[in-house]
Structure formats: structure tokens, C-alpha cells
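Listed below, chain by chain, are the residues.
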Amino acid sequence: MQNTIERGNDGEKIAEKYLQDLGYKIIKRKFHFGKVGEIDLIAKDGETIVFVEVKARKSSDYGSGFEAITPTKQKHLINVARGFLYVNELNDAFTRFDAISINLSKSPPEIEHLKNIITIM
């Protein structure tokens, strides 16, 4: 039986491969910005930097992965993204936030990808 960290790591690997298959270039995994938080994956889609939140679920008992991206979580993602841009001196970069929800109870896992989930930055 997987714990939540193992399930999250598996989900991130699945999401990473999925994005690479779509032509995205992964530029950072698990970016931490101090105590503010973490972004699971940072990728480039063309010239756009994409901050990706990955949610893996073994069942839908507690709702979809997307439902776990609350307004509070969104604020944390925005602040971590700002940290990434600051640290890497990417002041004029085009950015967006995507979410990937992975249902691990399906074989193969079912992947849902929502683009541009946060419109404030």
C-alpha cells in the first residue's frame, strides 16, 4: 500500500512523462521557495513557463484532484511562482498555471489536464 508521498511521486512522474509527450520541456521538479511552498513541476510550453500542480488520487472518495486546489493553495502557488521568477531573473516571462489530476485506480492511470487554472499574477 502506497503512502501519500509515494503516490504523489508516482503521479508527478506520470505527469512529467505526459507533458514531455506533449512537447513540454521540464525545467524544474519540486521547486521549493523557502517556507512559502512547493511547485510540483515547472515546464516550458513553447516560450511560456508553466507552473504545474499535480494531484494523484487512488480513488474519488475525497473528490477529484482539482478540488484540492483551493483558493489558499492557489495563493501559495502564485507566491512560489513569483519566487521562481525572482530567483531566476525572469521578470518578463510569459507564465501560466496548469493542473494535472491523475486517477491511479484506472489502468492505465487516467490523466486530466487543465490549462491556465489561475488567472491572477
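Note: the structure precedes this text.
In this report, we go over the structure that sits alongside the text. (Residues numbered from 1 in each chain as written. Predicted model: local features only at pLDDT ≥ 70, side-chain atom pairs only at ≥ 80, totals over all residues. Heavy atoms only, no water.)

**What about the side chain of Asn-103?**
Relative to the helices and strands, Asn-103 is located in strand β4 (residues 95–103). Of note is the side chain of Asn-103, whose polar atom sits 2.5 Å from the side chain of Ser-105. Setting aside anything within four residues of it in sequence, one finds Asn-103 in contact with Arg-57, Pro-109 and Glu-110. (Helix = DSSP H or I, 4+ residues; strand = E, 2+ residues; numbered from the N terminus. Polar contact = N/O pair within 3.5 Å; in protein donor to acceptor, adjacent residues only side chain to side chain. Contact = heavy atoms within 4.5 Å.)

**With respect to the sheet that holds strand β1 (residues 25–33)**
On the basis of which strands lie adjacent, the open sheet formed by five strands has the order β1-β2-β3-β4-β5 and mixed pairing. The sheet terminates laterally at β1 and β5 (110–114), the two strands that pair on one side only. With direction set aside, neighbouring strand axes in the sheet form an average angle of 30 degrees. With five bridges joining them, strand β2 (residues 37–45) and strand β3 (residues 48–57) adopt antiparallel strand pairing. By the bridge assignment, Asp-45 is partnered in β3 with Thr-48. Relative to the sheet, helix α2 (residues 71–87) contacts β1, β2, β3 and β4, its axis offset from that of β1 by approximately 110 degrees. (Pairing = 2+ DSSP bridges. Axes fitted to C-alpha atoms, helices over the stretch in contact; angles between N-to-C directions.)

**So, the pattern of salt bridges**
In the structure shown here, the tally under the stated rule is eight salt bridges. Where Lys-30 meets Glu-12, a salt bridge forms, and the shortest distance between an N and an O atom there is 3.0 Å. Of the two residues, Lys-30 is situated in strand β1 and Glu-12 in helix α1 (residues 4–21); the sequence distance between them amounts to 18 residues. Classification of Lys-30 by relative accessible area gives partly exposed; the value is 32%. Note on Glu-12: relative accessible area 11%, which makes it buried. Residues Asp-21 and Lys-17 are paired through a salt bridge, measuring 2.8 Å at the closest nitrogen-oxygen approach. Taken together, the residues Asp-21 and Lys-17, both in helix α1 and four residues apart, mark about one turn of the helix. What makes Lys-17 partly exposed here is its relative accessible area of 48%. Taken together, the shared-partner salt bridges connect Asp-45, Arg-96 and Asp-98 into one network. (Salt bridge = Lys/Arg side-chain N within 4 Å of Asp/Glu carboxyl O. Buried < 20%, exposed > 50% of the residue type's maximum accessible area, 1.4 Å probe, protein only.)

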